[in-house]
Amino acid sequence: MTEPTIDTAQLAHLQTWQGQSETLSDTLTATPIAALSATLDRDDPAPAPGTTVPPLWHWLYFLPHARQSEIGPDGHPKRGGFLPPVPLPRRMWAGGRLRWEMQGDGANPLQVGQQVQRTSTIQSVKHKAGRSGELLFVLVEHQYRNAQGLALTEEHDIVYRSAAQPGDPAPTPQKPPLEGQAAWSRTIVPDDVLLFRYSALTFNGHRIHYDRKYVTEVEGYPGLIVHGPLIATLLLDLLRRSLPGAQVLTFDFRAVRPTFDLHPFSVHGRPSSDGKTVELWAQDHEGWLTMQGTATLV
């Protein structure tokens, strides 16, 4: 069966979603923080009102609550609604850019116990067809506000693509630019329990992360796929373990290559000489770059 092609008229329709916004509210409770701490094998104090939400752990909140009848065959909510109904079957978290905002003379962190509003706006819908097939990029901006004002601005890159076909060229793997220069490194064993727990914590029903029969027989991957947001979280977790007192101001990251649960992978970091910038990256068991990021510190 031939995958649908996005023609000029379809693209124009999808681009009518540009500028659409929605605002949601959530209470930042302690239980998800404690649960992710356990999932990442951290020995953190029990979170309490006023505990700062670690960087990227805000992804534990504002979760999608699609009814069971609204779930598609891949475990994602069916297309449409806030995000445009892109006809391409594969949806991936490609990367993002985050900035933790300052208010007045200091930081304005998200904290346990706060009531927070998230305003999400679709900034762009772009189409590209190239050697790797048909791609559609959706850029979503999220702004998080607490009682003190704007606390966090996030740009989220979503990419939709055609299903892989036999004979399609494989993307050329890359070595990390700072290979062999890491100051910090940690090996992660991505077993199916870790992937299940992170899926549960983020209410992510996407079957590629826990349904081995589906991911190998339907989507054609060799194993379960490690969540991109989990790898990004592990990168900043490495920074926190290595520099416990550091305060992250910005974090930019992009996914380069999928990581599967078949082998351990590793996360690495190298701070700049002035200590204000940290290069972070993940590698698979063969040493290929899978995610690359840069954090700046206050």
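All figures in this text were calculated on a predicted structure; none of them were measured in a lab. Once a new chain begins, its residue numbering starts again from 1 and follows that chain's sequence as written. Only residues with pLDDT of at least 70 are given local features in this predicted model, and only at 80 or more are side-chain atom pairs given and counted; all residues enter the totals for whole chains, interfaces and linings. Side-chain figures throughout are based on the complete set of non-hydrogen atoms in the structure, without hydrogens or water.

Draft legend 1. Just the sheet that holds strand β6 (residues 133-146), in detail. Pairing between strands is defined by DSSP: at least two bridges between them are needed. Each helix is a run of DSSP H or I of at least 4 residues and each strand a run of E of at least 2, with the numbering of both proceeding from the N terminus. Ordered by their spatial adjacency, ten strands build an open sheet running β1-β5-β6-β7-β2-β9-β12-β11-β10-β8, and the pairing between neighbours is antiparallel. Looking at strand neighbours, the two that pair on one side only are β1 (21-27) and β8 (184-188), the edges of this open sheet. Each strand axis lies, on average, 20 degrees off the axis of its neighbour in the sheet, ignoring direction. Here strand β5 (residues 115-130) pairs with β6 via 13 bridges, running antiparallel. Its bridge partner lying in β6, Ser-120 is registered against His-142. Note on contacts: a residue pair is in contact if any heavy atoms of the two residues lie within 4.5 Å. Axis definition: a line fitted to C-alpha atoms, limited for helices to the stretch in contact. Angles are taken between N-to-C directions and run from 0 to 180 degrees. In the packing of helix α5 (residues 228-242) onto the sheet, the strands contacted are β2 (90-100), β8, β9 (248-255), β10 (265-271), β11 (277-283) and β12 (289-297), and the crossing angle to β8 comes to about 135 degrees.

Draft legend 2. Fine view of the side chain of Thr-153. Within the secondary structure layout, Thr-153 lies in strand β7 (residues 149-161). In this structure the side chain of Thr-153 is engaged in a polar contact, spanning 2.8 Å, whose partner is the side chain of Glu-101. Identification of polar contacts relies on pairs of N or O atoms within 3.5 Å, with a donor-acceptor requirement for protein atoms, meaning one able to donate a hydrogen and the other able to accept it, and with residues adjacent in sequence counted only if both atoms are side-chain atoms.

Draft legend 3. Structural view of the pattern of salt bridges. Definition used for salt bridges: Asp or Glu carboxyl oxygen within 4 Å of a side-chain nitrogen of Lys or Arg. A complete count under the given rule lists 13 salt bridges for this structure. Here Asp-237 ties to Arg-42 by a salt bridge, and the two come within 2.7 Å at their closest N and O atoms. Here Asp-237, found in helix α5, pairs with Arg-42, found in the loop between α2 (31-39) and β2; they are 195 residues apart in sequence, far enough to count as distant. Arg-42 shares its class with Asp-237; the two are buried. Where Arg-90 meets Glu-219, a salt bridge forms, and the shortest distance between an N and an O atom there is 3.2 Å. Placement of the pair is Arg-90 in strand β2 and Glu-219 in the loop between α4 (212-217) and α5, with a sequence separation of 129 residues. Of the two residues, Arg-90 and Glu-219, both sit in the buried class. Ionic contacts of the salt-bridge type, sharing partners, join the residues Arg-42, Asp-44, Arg-186, Asp-237 and Arg-241 into one network. With a 1.4 Å probe rolled over the protein chains alone, any residue whose accessible area is under 20% of its type maximum counts as buried; one over 50% counts as exposed, and the rest are partly exposed.

Draft legend 4. Looking closely at the environment of Ala-282. Its location among the elements puts Ala-282 in strand β11. Under the relative-accessibility criterion, Ala-282 is labelled buried at 0%. The contact partners of Ala-282, leaving out residues within four places of it in the chain, are Ile-231, Leu-235, Ser-266, Val-267, Trp-288, Leu-289, Thr-290 and Met-291.

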